[in-house]
Amino acid sequence: MPAKKTKGSGKKAEAKTPAKNTKKRTMKSEKNTVKSGKYYYFFGKGKADGNAAMKDLLGGKGANLAEMTNAGIPVPPGFTITTEVCNLYYDNGMEIPKDIDTDLESHMHKLEKASGKKFGDLADPLMVSVRSGAKFSMPGMMDTILNLGLNEETVKGVAEKTGNERFALDNYRRFISMFGNVVLGIDKDLFEDVISKTKKDRRIKQDSSLQANDLKNIIKKFKGIVKRKSGEAFPDDPYVQLRMSRDAVFRSWNNPRAITYRRLNDIPSGLGTAVNVQVMVFGNTGNKSGTGVGFTRNPATGDKEFYGEYLVNAQGEDVVAGVRTPQPIAELANDMPAIFKQLKEITTRLEKHYRDIQDFEFTVQDGELFMLQTRSGKRTAQAAIKIAVDMVKEKLITKEEALMRIDPMQLDHLLHPRIDPKAKFDVICKGLAASPGAASGKVYFTAEDVVRIGPKTPTILVREETNPDDIEGMNVAVGILTSRGGMTSHAAVVARGMGKCCVSGAEAVRVNASKKVFQVGRLSVKEGEIVTLNGSTGEVVLGKVDTIEPELSGEFNVLMGWADEVRRMKVRTNADIPRDAKQAIQFGAEGIGLCRTEHMFFAEARIPIVQQMILADTTEERQAALDKLLPFQKKDFKGLFEAMQGLPVTIRTLDPPLHEFLPRSEEIEEKIAGLDPKDDEYEEKLEALEKTLKRISELSELNPMLGHRGCRLGVMYPEITEMQVRAILQAACELHKAKKKVFPEIMIPLVGHVNEFKNQKELVDRVAREVIAKNKVKNLNFMIGTMIEVPRAALTADEIAEEAEFFSFGTNDLTQMTMGFSRDDAGKFLGHYVEKDILPSDPFVSVDPTGVGQLVKMGKEKGRAVRADLKVGVCGEHGGDPSSIEFFEGVGLDYVSCSPYRVPIARLAAAQASIRVKQAEKAAKAAARKAAKKK
């Protein structure tokens, strides 16, 4: 059965590298020297050398073909050349070692015996397919050749044997074009153009209308293309065809699309692909033949229904190529009732056997059914959850297996609006998928303009990079696009916290905020024009694209309940306002792990007071401004405490440098230039603006991320910490007296030395005693701890734990300081580092386990050695990353904290991490028992 057309097969084919120009990998062994082993695995006549457990060696396709054969399912006979041979091929200078190559013919003889046909026979030739098959499914990424074994002479034998000359010629022209494209690297469009011109000249629309004489002319022209482009005639020797096709499939393991797919799906490059050589069966021999593809359940919804399509008298590619309109697979019950019944029985068996939804291919040749493939079916996030839950109810899998079936990151698709899969659109550029979801809106270049337009008109805030000043605009906008910044930049972190879609680091976007336009190449997008952002892929689209709103099913809640039963680590949220906190509670958060108090200062009524505090010349002036801020802060904290209903709330005291709360110096200079000397208040205004400009200059720093921020602000200006602690505890006391549960955790940021923490802790304790005594409150529980984000803090965690009651690892800054990467600028090169395997992944997305991770492990162990009940968590963006969560489970942290919309992801990932730890412990005990028995 011909292969299904791959996604994008209707588009222009990507350039292929001819075999002779393929880049060779460094040789690791001498030519013609091989490891000892079995390199060919046969399947056919109800018996196979392999089985489903041998995917490492046989690839997924070969292992499943063997498994189906052993189960008595009708599978055309064939053999699999192992993944080991693929690696030997590369190690041996892109050549198959001689003794392995020689064995090919003996296995073809075995195939001849099983099929009753001879390879190259003039009267009744054996035709085979040559297909790839890696351990992990990579649909459409590698190459396939069909109808192999045909030449000028054997095609006549097929015509005579079948009594159908057109059938024989049609298979031959398909083989030449496929071989020319896959093996010789010739652009497939050259072959398609010949067919299109012939149909145009004949005034016909469908390939099936081409007659034998048409096909003879097409074949002649195809061979001319091969001769012209490759410099050699099309090979007639079937064994030459077979060897060249086998090598082409091995080469396809390292074609550009396969490399990209492996990188995107974290598939190791050293696995290699197997090659499957299998007897061809044909669905286009008449009305008793047909071909189709299907799923044992609906892969879009998860419903338990037989799902797929088929065509009578057709080849496999016709099903998906649009040449003819396929029929729903249920109609097969009318066309071929016996075949339908047999197919339903077989696929039901396959699903029960593999205990998962199956994606299958089949061909009916002259009334006989053949299964060509089965594999676990790709499915949507919605379907994946429904299928997993349903299969537990059907007692096919356990709850733990159901949890392990779901990729936690798939849940993102359920929690945010997403692009309608049916929508057509043109992508103008791509950045980082910083915050998931999709949104369309009018482009504006300042936060002020977005706020002015208001929430009734959907807007996209476009900036080179955002800063804390933009918070109000970010809150109003439906999406954020930046040309700079990485996955943990300000835009990315804030957008995730708000549940807004965000594309950051789109370097192709050149922003000109003053002219209110951005450019991508020659394309200009002006203020007010509409763009669409896909925060799940990083794509930027010109114009409005339809989206689908998220829906959480009952199965989702069931699955999350199972996850909560299994996981050990708690999951908190990063939230600064009650709205976000309430959303996180709905998603299952068990507290707030990080409240960034600086975000509360940018509200319109507060920022002038904050600036007044910064511009103060004396402590008294600064205290007067802080006294005005205290009621605002108390109200903020009270709202958070009420939203969390007694769950712990970790509040970080002021962290960013003070200059972030002041206007940019350019803005002040513009205001000075715009003053009217004739104004009665000119001198007064000028003095105030010059004072602000001077203060901006005084506060400016060459490296503000390592400058005057965090606990250093509290040490220099203790009245700032005092105001915040007073607001926290006054809010807690008021609620406590109202019989409402509260549990504040006061967190001091950027501590690098224990004496910094002691300084701030003494202040907190003093203010706490005063507030509690004044409010006459008893039994108000609160904790004082620190953020471990400076490497020295992790190295001296034992000293700090003598004073701190909890640690929260701020892995964003800890990564930045440990690796020496600016998280706002590293996006320029980190992508290249990952592509070139310098780093396994972006360390701001997934924690660096051997560097940053070791500091986390060391900090936790040193802290617990001093204080056994030390609460230890993480509040960086890594708290919502599944691979990082697995690391934190192994280290033994108490909780992770992440943005509200990542809470479900973290709950599932934490459950999976717990399951893996238990599985590892069980395996270790079994190994120990086995070793003990041997002794």
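Going by the structure above, here's the rest.
Presented here is an overview of the structure given in this document. (Residues numbered from 1 in each chain as written. Predicted model: local features only at pLDDT ≥ 70, side-chain atom pairs only at ≥ 80, totals over all residues. Heavy atoms only, no water.)

### Some words on the sheet that holds strand β32 (residues 895-898)
Strand pairs in the sheet, formed through backbone hydrogen bonds, run parallel or antiparallel to each other.
(1) Moving on: Strands sit in the order β25-β26-β27-β28-β29-β30-β31-β32 around a closed barrel of 8 strands; the barrel is parallel. Looking at each pair of strands side by side, their axes are set apart by 25° on average, direction ignored.
(2) Moving on: Together, β26 (592-596), β27 (648-652) and β28 (743-748) form the strand contacts of helix α22 (residues 619-644), whose direction differs from that of β27 by roughly 155°.
(3) Moving on: Sheet strands touched by helix α27 (residues 754-775): β28 and β29 (783-788). Its angle to β29, the strand with the most contacts, is close to 155°. (Pairing = 2+ DSSP bridges. Helix = DSSP H or I, 4+ residues; strand = E, 2+ residues; numbered from the N terminus. Axes fitted to C-alpha atoms, helices over the stretch in contact; angles between N-to-C directions. Contact = heavy atoms within 4.5 Å.)

### Points about the state of the cysteines
(1) Moving on: Evaluated as defined, the whole model comprises 0 disulfides.
(2) Moving on: Cysteine C429 remains unbridged, with the sulfur of C502 as its closest cysteine sulfur at 13 Å. (Disulfide = S-S within 2.5 Å.)

### Side note on the packing of helix α23 (residues 665-673) against helix α24 (residues 682-699)
(1) Moving on: Packing of α23 against α24 leaves a shortest axis separation of 10 Å and a crossing angle of 160°. Relative to α24, the element α23 is oriented roughly antiparallel. Here the hand of the crossing between α23 and α24 comes out left-handed. Note on element contacts: α24 touches α23 through L686, L689, E690, T692, L693 and I696, opposite S665, I668, E669, K671 and I672.
(2) Moving on: Within the contact of α23 with α24, the residues separate by chemical class into 6 nonpolar, 2 polar and 3 charged. (Parallel < 35°, antiparallel > 145°, perpendicular 65-115°, else oblique. Left-handed = near helix turned anticlockwise from the far one by under 90°. Nonpolar A, V, L, I, M, F, W, Y, C, P; charged D, E, K, R; others polar.)

### Digging into the sheet that holds strand β23 (residues 539-542)
(1) Moving on: The strand order across the open sheet formed by 8 strands is β13-β23-β22-β15-β16-β17-β18-β14, and the pairing between neighbours is mixed. Edge positions in the sheet fall to β13 (427-430) and β14 (432-435), since each of these pairs with one other strand and no more. When strand polarity is set aside, the average angle formed by the axes of neighbouring strands in this sheet is 30°.
(2) Moving on: In this structure, strand β15 (residues 438-444) lies alongside strand β16 (residues 459-463), joined through 3 bridges in parallel fashion. Looking at the pairing, V443 lines up with I460 of β16.

### Topic: a negative patch on the surface
(1) Moving on: Residues D680, E681, E683, E684, E687 and E690 make up a contiguous surface patch of negative charge.
(2) Moving on: In this structure, E690 sits in helix α24.
(3) Moving on: Residue classification places E690 among the partly exposed residues on the basis of a relative accessible area of 43%. (Patch = residues over 30% accessible without salt bridge, like charges linked within 9 Å, V, L, I, M, F, W, Y side chains within 5 Å. Areas by Shrake-Rupley, 256 points an atom, 1.4 Å probe, with all protein chains shown as cover. Salt bridge = Lys/Arg side-chain N within 4 Å of Asp/Glu carboxyl O. Lys, Arg positive; Asp, Glu negative; His and termini not counted. Charge placed at Lys NZ, Arg CZ, Asp CG, Glu CD. Buried < 20%, exposed > 50% of the residue type's maximum accessible area, 1.4 Å probe, protein only.)

### Concerning the pattern of salt bridges
(1) Moving on: This model, assessed by the stated rule, comprises 64 salt bridges.
(2) Moving on: Salt-bridge contacts for R606 lead to D636; the nearest nitrogen and oxygen are separated by 2.4 Å. Of the two residues, R606 sits in the loop between β26 and α21 (607-615) while D636 sits in helix α22, which places them 30 residues apart along the sequence. As far as burial versus exposure is concerned, R606 and D636 are alike and both buried.
(3) Moving on: One salt-bridge network, in which partners are shared between bridges, spans E598, R652, D655, R709, D813 and R823.

### Concerning helix α1 (residues 55-70)
(1) Moving on: For α1, with 16 residues, the first-to-last C-alpha span of 15 Å runs short of the 22 Å given by 1.5 Å per residue.
(2) Moving on: Extensive coverage of α1 is indicated by the burial of 12 of its 16 residues.
(3) Moving on: For α1, the complete set of buried residues consists of L58, G59, G60, K61, G62, A63, N64, L65, A66, E67, M68 and T69.
(4) Moving on: Phi for G72, located one or two positions after α1, is positive at around 80°. (Expected span 1.5 Å × (residues − 1).)

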